[in-house]
Protein chains: 2
Amino acid sequence: MNAIVFDGKVRLRQESVPEASGEALLRVLRSGICNTDLEITRGYHRYQGVLGHEFVARVEEAPDPAWIGKRVVGEINCACHDCDLCLDGRERHCRQRTVLGIVGRPGAMAEFCVLPMENLHEVPDEISDDESVFVEPLAAACEILEQIKIRPIDRIAVLGDGKLAQLIAQVLVGETDTLTLIGKHRNKLDFAAHMGAEVKFAEEVEQDLRRWAGSFDVVVEATGVPSGFQTALTLVRPRGILVMKSTYHENLRFDAAPLVVNEIQVVGSRCGPFDKALARLQRHEVHVLPLVSERYPLSRGEEAFRRAQEGGVLKVLLDHSG
Amino acid sequence: MNAIVFDGKVRLRQESVPEASGEALLRVLRSGICNTDLEITRGYHRYQGVLGHEFVARVEEAPDPAWIGKRVVGEINCACHDCDLCLDGRERHCRQRTVLGIVGRPGAMAEFCVLPMENLHEVPDEISDDESVFVEPLAAACEILEQIKIRPIDRIAVLGDGKLAQLIAQVLVGETDTLTLIGKHRNKLDFAAHMGAEVKFAEEVEQDLRRWAGSFDVVVEATGVPSGFQTALTLVRPRGILVMKSTYHENLRFDAAPLVVNEIQVVGSRCGPFDKALARLQRHEVHVLPLVSERYPLSRGEEAFRRAQEGGVLKVLLDHSG
């Protein structure tokens, strides 16, 4: 089968169809390129193999035949159910976990991929294939609401204007009276503004950082670049919350004194609840299709990866039927 | 009056008695050398002036004469009562605050110092002068319980075996079934063990870090050295809490991916509630006198600072009567 792999370089390669062995074999319909995929191609997690963890598929084979033919999305963390964290109900953090296209498990940028049955969620008819690809990152955005309490009077800043930042802004904008998205690209800021966010150019804020210092109750760092963290730490008020969504391949380096002196709470935030993301898409509470910049057939995945790394580009989708 | 100042070097200097102007003039009885004082002498906060913020004193002059002659300790943050943070009830984080011996206000290592009346707490007779000097750092240790919930089943690690780490261990050991203090000095570990903590040599843990990785629900970083943060991040379990007590003069540099991937919550923690610290000392729930390594008269403060920087030394007190 065709697959997009990373083996030091991103390339289209012929791979054999994976063995299901007790799990579900999924025929992938669409997949999406995520920043984590781009970070992997820069060395993140030292992963090599089939890429991709944002997808929608049809169940081809399954231990429970009632699932065959269903359209599904899949949670990406596969748990052992045996370690202390699994037994404690934190399967997403399982010590022996594999992660689709990230840790020890071939990803979804292929004609087929394999996941445990328990990871699957059926996609309601109201949600299109393209929209379904956003369930995984949208769940990651929803995770913030599982981790912290937001009050309507909280002033929230989202740093970054990329795909994840946009989803976060859409999820949080309904929770507060003032959400400000701070980014670098006119077109992306315009879209966020259209979705109800106040928007600011990062340059403006950075040039007048003293004025902006400590002016947000909650700051979500989703720039994807390490310098975003220091800016976030400056923008959050004493005793405020800094939600850390970016995973950087590089080391983070910053002056930690304000973290202690201002008693900031930093909350690392990763994968989230698929059911809540599906419900939001089904109720049309978030608008993801305007975030699609380009579509490529799977066979042109190498080109799609090059495109995804260009400035100003949002989501690049791969169509697996082509 | 005699005062210990930092002006690029720690020295004994003659200073004029400060003007009270609406605040209380305090005759200092004892003061203590804190790690923050040592950090200041390395450039932290770029503070220059009279050092010291851990002290006990008698009220010499006060707007309310009922206070004159009382034995007091004093909160170190002096608020403006006018900025957004003050109006929001977060006076300790006031944007215009001065901080005794740290930011814009001469410290307590002098015959006299000055603080607003509202910062003063009368010291009950059951608490000795030497013990009273520990109210400020003990309050900082108590602050952790104001910020996070600890359950008896939580496995807690305190990194560091210095003065603050010892106070933290004593405060937290009653809250959990297993508290482990990880340090470098035999004598300090012995004392912590005597106070009910399990103890480990840092070297042992670092040599077998894979085994210890993710094995604590709560890790308190109180080593005072930046490498402590990376160790803390390794020791805390996924979705666990890392309480950050150390303030480093240097930048912090670490791999931030585990923070996000493991959804760690980092909580910066600084000054705490004096009333709770006083209550614990009054009830003899914490034992601070064994933490006193040396006493010097104020006039030998330069020597006292040199001594405080030596390994194995815990609290160095200055006696202002001498």
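Everything quoted here is computed from the prediction, not taken from an experiment.

Counting its secondary structure elements, chain A contains twelve helices and 20 strands. Against the globule reference of 20 Å for 322 residues, chain A gives a C-alpha radius of gyration of 20 Å, in line with a compact fold. In terms of overall dimensions, chain A has C-alpha extents of about 60 × 45 × 40 Å along its principal axes. Taking all 322 residues of chain A together, the buried fraction comes to 58%. In chain A, the share of contacts with a sequence separation of at least 24, taken over all contacts with a separation of at least 6, comes to 66%. Split by element, the accessible area of chain A, about 12,800 Å² in all, is 46% carbon and sulfur. Here chain A holds 38 positive side-chain charges and 48 negative ones, and the gap between their average locations is 4 Å.

Attention shifts here to the interface of chain A and chain B. Contacts between the two partners involve 41 residues from chain A and, on the opposite side, 41 residues from chain B. Interface area, chain A with chain B, both sides summed: about 3,400 Å², of which 53% is carbon and sulfur. Taken together, the links from chain A to chain B amount to two salt bridges. For R239 of chain B, the salt bridge goes to E143 of chain A, with nearest N and O atoms at 2.3 Å. At the junction of chain A and chain B, the tally comes to 17 residue pairs in polar contact (both at pLDDT 80 or more).

A word on the packing of helix α4 (residues 135–147) of chain A against helix α5 (residues 163–172) of chain A. Residues and elements named next belong to chain A. The geometry of α4 relative to α5 is characterised by a closest axis approach of 9 Å and an angle of 45 degrees between their N-to-C directions. The angle between the axes of α4 and α5 places the two elements in the oblique class. When you trace α4 past α5, the crossing you get is right-handed. Contacts from P137, L138, A140, A141, C142, I144 and L145 in α4 reach L164, L167, I168, V171 and L172 in α5. Of the residues belonging to the contact of α4 with α5, the class tally is twelve nonpolar, no polar and no charged.

Residue and element names in this part refer to chain A. For helix α12 (residues 301–308), the full list of buried residues reads G301, A304, F305 and A308. Seen from one end, α12 has its buried residues packed into an arc of 100 degrees, which puts them on one side. Next to the buried residues of α12 lie β1 (2–6), β2 (10–14), α1 (35–40), β19 (292–297) and β20 (315–319).

Attention now goes to the packing of aromatic side chains. Applying the stated rule across the entire model yields five aromatic pairs over all chains. Ring-pair connections join several aromatic residues into one group, and the members of that group are F229 and F254 of chain A together with F229 and F254 of chain B.

Residue and element names in this part refer to chain B. Reading across the sheet, the three strands line up as β2-β1-β4 and stay open at both edges, with antiparallel pairing between neighbours. Each having just a single partner strand, β2 (10–14) and β4 (49–50) make up the two edges of the open sheet. Strand direction decides the pairing type here: strand β1 (residues 2–6) and β2, joined by five bridges, are antiparallel. Its bridge partner being in β2, A3 is matched across the sheet by R13.

Further remarks concern the pattern of salt bridges. For the structure on display, the rule yields 54 salt bridges over all chains. The partner of E285 of chain B in a salt bridge is R283 of chain B, and the shortest N-O contact between them spans 2.5 Å.

Across chain A, the average pLDDT comes to 95, with 100% of residues at or above 70. ipTM for the predicted complex: 0.87, alongside a pTM of 0.91.

Overlaying chain A with chain B gives an RMSD of 0.0 Å, the required rotation being 180 degrees about an axis along which the chain moves by 0.0 Å. A rotation of that kind, with that shift, is consistent with a two-fold axis. Of every C-alpha in chain A, the one belonging to R253 of chain A sits nearest the axis of rotation, 2.1 Å from it. Most of the interface of chain A is mirrored in chain B, where 100% of its interface residues again form contacts.

Right, let's get into the domain arrangement of chain A. All names here are of chain A. Along its sequence, chain A is organised into domain 1 (2–134 + 288–319) and domain 2 (138–268). Distance from the C-alpha centre of domain 1 to the C-alpha centre of domain 2: 27 Å. Between domain 1 and domain 2, roughly 1,300 Å² of surface is buried when both sides are summed, and carbon and sulfur atoms account for 58% of that area. It is E39, L291 and L314 that lose the most area in domain 1 upon contact with domain 2, and together they represent 35% of the buried surface on that side.

Residues and elements named next belong to chain A. One non-glycine residue, H81, lies in positive phi territory at about 65 degrees. Relative to the assigned elements, H81 resides in the loop between β7 (77–78) and α2 (84–87). With phi around 55 degrees, H284 is a residue other than glycine that occupies positive phi space. Mapped onto the fold, H284 is located in the loop between α11 (274–282) and β19. H284 sits in the partly exposed class, given a relative accessible area of 47%.

As paired strands, strand β3 (residues 24–32) of chain B and strand β5 (residues 54–61) of chain B are joined by seven bridges and run antiparallel to one another. Pairing of L25 of chain B across the sheet is with E61 of chain B, part of β5 of chain B.

Below, the discussion takes up the environment of E19 of chain A. Following the sequence through the fold, E19 of chain A ends up in the loop between β2 and β3 (24–32). Put simply, E19 of chain A and L138 of chain A are 119 residues apart on the chain and 29 Å apart in space, counted from C-alpha to C-alpha.

With that settled, consider the state of the cysteines. A complete count under the given rule lists zero disulfides over all chains for this structure. Take C113 of chain A: it sits in no disulfide, and the sulfur closest to it among the cysteines is that of C78 of chain A, at 9.5 Å. Note on C94 of chain B: no disulfide assigned, nearest cysteine sulfur contributed by C80 of chain B at a separation of 3.5 Å.

What follows concerns a negative patch on the surface. Residues and elements named next belong to chain A. A grouping of E203, E204, E206 and D208 is seen on the molecular surface, where their side chains present a negatively charged patch. You can see E206 is positioned in helix α7 (residues 202–207). Since its relative accessible area comes to 45%, E206 is described here as partly exposed.

Our next topic: the sheet that holds β1 of chain A. All names here are of chain A. The antiparallel open sheet is built from three strands, whose spatial order is β2-β1-β4. Both outer strands of the open sheet, β2 and β4 (49–50), are each paired with one neighbouring strand and no more. Strand direction decides the pairing type here: β1 and β4, joined by two bridges, are antiparallel. Pairing of F6 across the sheet is with G49, part of β4. This element, α12, spans β1 and β2 of the sheet and lies at about 160 degrees to β2.

The rules we used
Numbering of residues starts from 1 in each chain and follows the order in which that chain's sequence is written. Each chain takes a letter, starting from A, and each ligand takes a number, starting from 1, following the order in which they are written. This being a predicted model, a pLDDT of at least 70 is required before a residue's local features are given, and a value of 80 or more before pairs of side-chain atoms are given or counted; all residues contribute to the totals for chains, interfaces and linings. Calculated side-chain values reflect all of the structure's heavy atoms, with hydrogen atoms and water omitted. Where helices and strands are cited, they refer to DSSP runs of H or I of at least four residues and of E of at least two residues respectively, numbered from the N terminus. This radius of gyration counts C-alpha atoms alone. The globule rule is 2.2 Å times how many residues there are, raised to the power 0.38. Partly exposed describes any residue whose relative accessible area lies between the buried limit of under 20% and the exposed limit of over 50%, with all areas from a 1.4 Å probe on protein chains only and scaled to the type maximum. The contact rule is simple, with two residues in contact once any of their heavy atoms fall within 4.5 Å. The protein chains shown are the only cover counted for residues, whose accessible areas, like all others here, come from Shrake-Rupley with a 1.4 Å probe. Just so you know, the count uses Lys and Arg for positive and Asp and Glu for negative, and it drops His and the chain ends. In this description, the location of a charge corresponds to atom NZ of lysine, CZ of arginine, CG of aspartate or CD of glutamate. Once two parts are put together, the accessible area they lose, assessed with a 1.4 Å probe and summed over both, is termed the buried area. For this analysis, a salt bridge means a side-chain nitrogen from Lys or Arg found within 4 Å of a carboxyl oxygen belonging to Asp or Glu. Nitrogen and oxygen atoms within 3.5 Å of one another constitute a polar contact, given that in protein one can donate a hydrogen and the other can accept it, and given that sequence-neighbouring residues count only through two side-chain atoms. Angles shown run from 0 to 180 degrees and are taken between the N-to-C directions of axes, each axis being a line fitted to C-alpha atoms and, for helices, limited to the stretch in contact. By definition in this entry, angles of less than 35 degrees are roughly parallel, angles greater than 145 are roughly antiparallel, angles of 65 to 115 are roughly perpendicular, and the rest are oblique. Note: crossing handedness is left-handed where the near helix turns anticlockwise from the far helix by less than a right angle, and right-handed where it turns clockwise. In this count, Pro and Cys sit with the nonpolar residues alongside Ala, Val, Leu, Ile, Met, Phe, Trp and Tyr, while Asp, Glu, Lys and Arg are called charged and the others, Gly among them, polar. As used here, the arc is the angular range of directions from the helix axis to the C-beta atoms. Stacked, edge-to-face and tilted are the three classes for Phe, Tyr and Trp ring pairs, Trp counted by its six-membered ring, which pair at centre distances within 6.5 Å; planes under 30 degrees apart are stacked, over 60 edge-to-face, the rest tilted. Pairing between strands is defined by DSSP: at least two bridges between the two strands are required. Scored between 0 and 100, pLDDT is the confidence that the predictor attaches to each residue. In superposing the copies, a least-squares fit is computed on C-alpha atoms, taking residues whose pLDDT is at least 70 in both. Each domain's extent was defined by an automatic or database domain assignment. The disulfide criterion used throughout: a pair of cysteine sulfur atoms within 2.5 Å. Residues enter a patch when their relative accessible area is above 30% and they make no salt bridge; the linking distance is 9 Å between like charges and 5 Å between nonpolar side chains (Val, Leu, Ile, Met, Phe, Trp, Tyr).

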